[in-house]
Structures are given as C-alpha cells and as structure tokens.
Amino acid sequence: MLTRIDHIGIACFDLEATAEFYRDTYGFEVFHSEVNEEQGVREAMLRINGTDDGAASWLQLVQPIREDSPVAKWLAKNGEGVHHIAFGTADVDADSEAIRDKGIRVLYEQPRRGSMGSRITFLHPKDCHGVLTEIVTAAPAPASGDPSGH
Ligand code: CMX
Ligand code: CO
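Residues numbered from 1 in each chain as written. Chains lettered and ligands numbered in written order. Predicted model: local features only at pLDDT ≥ 70, side-chain atom pairs only at ≥ 80, totals over all residues.

Student: Describe the nonpolar core, and please don't skip the residues or the numbers.
Tutor: Counting residues in each nonpolar core, the largest one holds 21 residues, and the members touching the most others are Ile-10, Leu-61, Val-62 and Val-136. Taken together, the elements giving at least two residues each to this core come down to strand S1 (2–11), strand S3 (41–50), strand S4 (56–64) and strand S8 (133–137). Broken down by element, this core gets its largest block of residues, five residues, from S4. (Core = buried A, V, L, I, M, F, W, Y, C linked by C-beta atoms within 7 Å. Buried ≥ 20, exposed ≤ 12 C-beta atoms within 10 Å, placed from the backbone. Helix = DSSP H or I, 4+ residues; strand = E, 2+ residues; numbered from the N terminus.)

The structure is reproduced here in structure tokens:
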C-alpha cells in the first residue's frame, strides 16, 4: 500500500546552486548527498518532515553525471523543474507487481538501489497521465540513533 509522498524529484543543472536556493529561500538543508552511478545522477536529499511510519518526506535534487542518463535527456528537452514524484510503501515488490498487473509499465524487473539504501522502481510516465512515478521502500531504520529512519 502506498502510504505517503516519499519525495519529489527536481532536475537541475547545478546541484550546489539549487541546494543553496532551497536553503536560502526556505531553510531546507541538505541532509544527505550521494552519486548514483546506475541512475546517472548526483543527488541531494533535503528533509522536509518526518512521517508516522518512521520515514520522512524529501525533496530530491538530481543533476546528471552522464549525457546519456534519463535526467540529462529530460533537462535537454524541458530545462530545470519537477522531474518525478515518489510514493512511499513498506513493500515496493508487492506494490509494483500489483501495479504491473493493472497493465502499467513498471520499468525494472526488480527494484533497484535508490537514495540512502532505499529500493526503488519507476512507472512509465506515458501510463501515468504524464507523471514519471517512482515507488520507494526506505531502508530499514537503524536499531537506534538516527531519527530520520535512514
Ligand atoms: N516526466 C514526464 N514525462 C516524461 C519524463 C518525465 N520525467 N521523462 C520522459 N517523459 C516523456 C517524454 O516527454 C516523452 O514524451 P513524448 O513521446 O510525448 O515526447 C516520452 O516520455 C519518452 O521520453 P524520452 O525523452 O524519449 O525518454 P526515454 O523514453 O528514453 O526515457 C523513461 C523515459 C521514463 C523511460 C526514463 O526517463 C527512465 O527510465 N526514467 C526512470 C529513471 C530515472 O528517471 N532516474 C533518475 C532519477 C533517480 C532517482 O529518483 O533516484
Ligand atoms: Co527519486
């Protein structure tokens, strides 16, 4: 069951400048950043709020690291802006299979690695009224300490 908005993905040309905009304008700090080679992006996660399942909601800023990556292709066509939305679930495997059974194209056979150890898959935007949609299961919360659930 999809229970929350995990993040909104925002494509940008300059990760540092975009993160600075979010910090200066709204006070959102970069909580985590990483390179995801497979997805072809550098990314910064800005934590917006905690949620009742122990995970959180985020803005995900993504800057392409390769010309042939999906985000580079999208930026060339559209310029900067909202690239995808991601719904959170406790079980990305079951939910993506159930969605696949409805005839919607799920892009990966098996979920892949996302931010902060999460597991992710994507639904084709042409099957979702123009919205690239990600389904994500956050990494299990550590035994103690980090209140973000990551
Ligand atoms: N939102 C809405 N529509 C989109 C889109 C997006 N983000 N990306 C592509 N489209 C549309 C295009 O506009 C195009 O529409 P038209 O045919 O009407 O022009 C159509 O989908 C095909 O697009 P394309 O530019 O030819 O691109 P591809 O088919 O090569 O790739 C997609 C599209 C969705 C398969 C690819 O972007 C993909 O695999 N995305 C998933 C992975 C990803 O985006 N990773 C980055 C984020 C990582 C993360 O969140 O962790
Ligand atoms: Co994402």
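Once the structure has been displayed, the description carries forward.
Student: Describe unusual backbone geometry, naming the residues involved and giving the relevant values.
Tutor: Positive phi, close to 55°, is recorded for Met-116, a residue that is not glycine. Summarising the element assignment, Met-116 is placed in the loop between strand S6 (112–113) and strand S7 (119–123). We note that His-129 has phi near 50°; this positive angle belongs to a residue other than glycine. Inspection of the secondary structure assignment puts His-129 in the loop between S7 and S8.

Student: Account for the site of ligand 1, with residues named and values stated.
Tutor: Residues in contact with ligand 1 amount to 24 residues; listed here are only the nearest, Gln-39, Pro-70, Phe-122, Pro-125 and Leu-132. Elements supplying a minimum of two residues to the shell around ligand 1: S4, helix H2 (70–78), strand S5 (81–89) and S7. Looking at the shell around ligand 1, the element that brings in the most residues is H2, giving five residues. When the residues that make up the shell around ligand 1 are grouped by side-chain class, the tally is 10 nonpolar, 10 polar and four charged. (Near = placed C-beta within 6 Å. Nonpolar A, V, L, I, M, F, W, Y, C, P; charged D, E, K, R; others polar.)

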